[in-house]
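Observations on the model geometry
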Amino acid sequence: MPSNLNLDYYYGTEADQYSFYRIPKTLLTDPRYKSVSIEAKVLYGLLLDRMGLSVKNGWMDSDKRVYIYFTQEDAMNLMSCGKDKATKLFRELDKDGIGLIERKKQGQGRPTRIYVKNFILPPEPGQPQQPEQAPPPPAPQTAENQQSRPLDRAALLTAEKPQSAPLETRGQDGGFSAPNKTEKKNTELNDTDPSIHPPTPAPPASPPAGRPKSRMRMDEIDTES
């Protein structure tokens, strides 16, 4: 077991200062790549990284296909493995294996060309997509459903709105409301409906002529009786 190196942490954006080898996520999540070993997937990430150098150098064939140069010695150094292990990993990725790379020998002591294949796979067959269901057609307009159809909010507000003439807007300078159009002569008392006023009370009856009975003399009372 290796000894602990007591490494430091990453702070802030320090992780962006370094270069990394990238292994496609599909190689780890797609079940069709499940049979490929982790070491072979790491080797594919190394070969994929070498593609950037080939594009810069213009290493393309007559069909515009990019190829790389990556020997077994390169794999042995980067993977820290022996020759047999490196040979096994290449075969696992080659056309005799999963088919992620294709190697073509050039002969005459020249290095082998390696074509790195695209790892993106089409959807698995046998899984037809369900077609989307079209919305049902609208019901035909008949006399029954037209009468029973509820009014929308705009139509309801229009129906409930009184159809009276709009009031005149008060002026901005004076804060007085709009005057009414009743003429002054029509507001006199003689043109007003008398039913809205209480009746005038009748004056009290005047007493009969002569002196009141309470002040009559005693002899006058006897005479009348």
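Residues numbered from 1 in each chain as written. Predicted model: local features only at pLDDT ≥ 70, side-chain atom pairs only at ≥ 80, totals over all residues. Heavy atoms only, no water.

Notes on the overall build of the chain
Across its full length, the chain carries seven helices and two strands. Each helix (α) and strand (β) of the chain, taken in turn from the N terminus, gives the series α-α-α-α-β-β-α-α-α. Across the 225 residues of the chain, 16% fall into the buried class. Sequence separation of at least 24 residues holds for 46% of the intrachain contacts in the chain that already meet a minimum separation of 6. (Helix = DSSP H or I, 4+ residues; strand = E, 2+ residues; numbered from the N terminus. Buried < 20%, exposed > 50% of the residue type's maximum accessible area, 1.4 Å probe, protein only. Contact = heavy atoms within 4.5 Å.)

Notes on helix H4 (residues 83-93)
Looking at H4, one finds that the buried residues are Ala86, Thr87, Leu89, Phe90 and Leu93. Taken around the axis of H4, the buried residues stretch over an arc of 160°, which confines them to a single face. Those residues of H4 that are exposed and angled more than 90 degrees off the buried face are Asp84, Lys88 and Arg91. Buried residues along H4 sit against helix H2 (38-57), helix H3 (72-79), strand S1 (101-104) and strand S2 (113-116). (Arc of directions from axis to C-beta.)

Thoughts on the packing of H3 against H4
The interhelical angle for the contact between H3 and H4, taken along N-to-C directions, is 110°, at an axis separation of 9 Å. The pairing of H3 with H4 is recorded here as roughly perpendicular in orientation. Residue-level contacts link Gln72, Ala75, Met76 and Met79 of H3 to Lys83, Ala86, Thr87, Leu89 and Phe90 of H4. (Axes fitted to C-alpha atoms, helices over the stretch in contact; angles between N-to-C directions. Parallel < 35°, antiparallel > 145°, perpendicular 65-115°, else oblique.)

Some points on the packing of aromatic side chains
The way to describe two aromatic rings as a pair is by their centre distance and the angle between their planes. Per the counting criterion, the structure on display carries four aromatic pairs. When the ring of Trp59 is compared with that of Tyr69, the centres are 5.2 Å apart and the planes differ by 70°; the resulting orientation is edge-to-face. With Trp59 in the loop between H2 and H3 and Tyr69 in the loop between H2 and H3, the pair connects residues that are ten residues apart, well separated along the chain. Its relative accessible area of 25% is what places Trp59 among the partly exposed residues. Taking 5.7 Å as the distance between ring centres and 80° as the angle between the ring planes, the aromatic pair formed by Tyr67 and Tyr69 counts as edge-to-face. In this structure Tyr67 comes out as buried when scored by relative accessible area, which is 7%. Residue classification places Tyr69 among the partly exposed positions, given a relative accessible area of 23%. An aromatic cluster is built from Trp59, Tyr67, Tyr69 and Tyr115, whose rings are joined through pairwise contacts. The lysine or arginine in question, Arg113, covers the ring of Tyr67, its NZ or CZ lying 4.0 Å from the ring centre. (Phe/Tyr/Trp six-rings, centres within 6.5 Å; stacked < 30°, edge-to-face > 60°. Lys NZ or Arg CZ within 6 Å of the ring centre and 35° of its normal.)

Focus on unusual backbone geometry
One non-glycine residue, Lys64, lies in positive phi territory at about 65°. Note that Lys64 resides in the loop between H2 and H3.

Here we look at H2
The terminal C-alpha atoms of H2 lie 30 Å apart, and with 20 residues this matches the ideal 28 Å at 1.5 Å per residue to within 8%. Those residues of H2 not exposed but buried are Ala40, Lys41, Leu43, Tyr44, Gly45, Leu46, Leu47, Met51 and Ser54. Considering only its buried residues, H2 is in contact with helix H1 (26-29), H3, H4, S1 and S2. After H2 finishes, the residue Gly58 shows a positive phi value of roughly 70°. (Expected span 1.5 Å × (residues − 1).)

Quick look at the packing of H2 against H3
Look at H2 against H3: their axes get within 11 Å of each other, and the N-to-C directions meet at 115°. For the pair H2 and H3, the sense of crossing is right-handed. Judged by residue contacts, Glu39, Val42, Leu43, Leu46 and Arg50 of H2 engage Asp74, Ala75, Leu78 and Met79 from H3. Here the contact of H2 with H3 is built from residues that sort into six nonpolar, no polar and three charged. (Left-handed = near helix turned anticlockwise from the far one by under 90°. Nonpolar A, V, L, I, M, F, W, Y, C, P; charged D, E, K, R; others polar.)

Re the side chain of Asp61
As for its position among the elements, Asp61 is in the loop between H2 and H3. We classify Asp61 as buried; its relative accessible area is 13%. Sequence-distant contacts of Asp61, defined by excluding residues within four places in its chain, comprise Tyr67, Arg113 and Tyr115.

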